[in-house]
Amino acid sequence: MEICPYCGSRGCCIRFASYERYVLDFLDGHPVCETVRVPRIRCGSCRRTHAILTDSLVPYRSYSLFFILRVIGEYLLHLQTVEGLCIRFGITHSMLYRWFRLFQDHKAEWLGILADLEQEPLAFLRRLVSLPVYCTFSDGFCQKTLMSFLQSHANPANCCFQPGRHP
């Protein structure tokens, strides 16, 4: 049962449309552009519409979550120079560094300051990609921060409904 991320109503959301979105991913050693269909729902209570994104899609980003995590992982492993990574993944230096800073910021938000200082970024990344059910982490992160992991800014409306919290 869907919960409206804006007003928190249960069972009032109905599917009414969808749209196509292009997502850059990394498959078989190469960046690829895929088309995904994103369903939209409308809340019968507040009348607002919302897109339902899978865990692999980062709001407001063209790159999939796992594409970004792969870039960060290879950067942390020092498998290539920064220039080599940027050429391989077809990204700019500034994008790589922006993603890495955001990863570090979100790691600190999730773990807390003391735990963040104790856990190396690569260890955290390995733990993240080895989760049996990623949505448990992504839901928890969204509830804690009101944004998706590696999303650079909060949604105009709450991205995750928290009981007792209203916009």
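Computed from a predicted model, the values in this text were never measured in an experiment.

A. The arrangement of the pattern of salt bridges in detail. Throughout the structure, instances matching the rule amount to four salt bridges. Close ionic contact of Arg 88 with Glu 74 constitutes a salt bridge, the shortest N to O distance being 2.4 Å. On the criterion of sequence distance, the pair formed by Arg 88 in helix H2 (residues 82–89) and Glu 74 in helix H1 (residues 65–77) is long-range, its members being 14 residues apart. Judged by relative accessible area, Arg 88 falls into the partly exposed class, the value being 26%. Overall, Glu 74 belongs to the buried group, its relative accessible area being 8%. Residues Asp 116 and Lys 107 are paired through a salt bridge, measuring 2.5 Å at the closest nitrogen-oxygen approach. Beyond isolated ion pairs, a larger network of salt bridges with shared partners links Arg 70, Glu 74 and Arg 88.

B. Up close: the packing of helix H3 (residues 93–111) against helix H5 (residues 121–129). Where H3 contacts H5, the axes come no closer than 11 Å and their chain directions differ by 75°. Between H3 and H5, the crossing angle belongs to the class labelled roughly perpendicular. Facing Phe 103, Lys 107, Trp 110 and Leu 111 of H3, the residues of H5 in contact are Pro 121, Phe 124, Leu 125 and Arg 127. In the contact of H3 with H5, the residues fall into six nonpolar, no polar and two charged.

C. Fine view of the sheet that holds strand E2 (residues 30–43). Taken together, three strands build an open sheet; the order of strands is E1-E2-E3 and the sheet is antiparallel. Whereas interior strands pair on both sides, the edge strands pair on one side only; in this sheet they are strand E1 (13–27) and strand E3 (49–51). Strand after strand, the sheet turns through a mean of 20° between neighbouring axes, direction not considered. Bridge count between E1 and E2: 14 bridges; the pairing is antiparallel. Bridge pairing in E2 links Cys 13 to Cys 43.

D. Structural view of the confidence of the model for the chain. With 90% of its residues at a pLDDT of at least 70, the chain reaches an overall mean of 84. At the level of individual helices and strands, the chain shows its lowest average pLDDT in helix H6 (residues 134–145), which scores 79, and its highest in H2, which scores 95. Note on residues 158–167: pLDDT is under 50 here. Beyond four places in sequence and across chains, it has 26 contacts.

E. Region of the structure containing H6. With twelve residues, H6 ought to run about 16 Å at 1.5 Å a step, and its terminal C-alpha atoms sit 17 Å apart, in line with that. Those residues of H6 not exposed but buried are Tyr 134, Phe 137, Ser 138, Phe 141, Cys 142 and Thr 145. When H6 is viewed along its axis, its buried side chains cluster within an angular range of 130° and face the same direction. Turning to H6, the residues buried within the fold contact H1, H3 and H5.

Conventions used here
Residues numbered from 1 in each chain as written. Predicted model: local features only at pLDDT ≥ 70, side-chain atom pairs only at ≥ 80, totals over all residues. Heavy atoms only, no water. Salt bridge = Lys/Arg side-chain N within 4 Å of Asp/Glu carboxyl O. Helix = DSSP H or I, 4+ residues; strand = E, 2+ residues; numbered from the N terminus. Buried < 20%, exposed > 50% of the residue type's maximum accessible area, 1.4 Å probe, protein only. Axes fitted to C-alpha atoms, helices over the stretch in contact; angles between N-to-C directions. Parallel < 35°, antiparallel > 145°, perpendicular 65-115°, else oblique. Contact = heavy atoms within 4.5 Å. Nonpolar A, V, L, I, M, F, W, Y, C, P; charged D, E, K, R; others polar. Pairing = 2+ DSSP bridges. pLDDT = per-residue confidence, 0-100. Expected span 1.5 Å × (residues − 1). Arc of directions from axis to C-beta.

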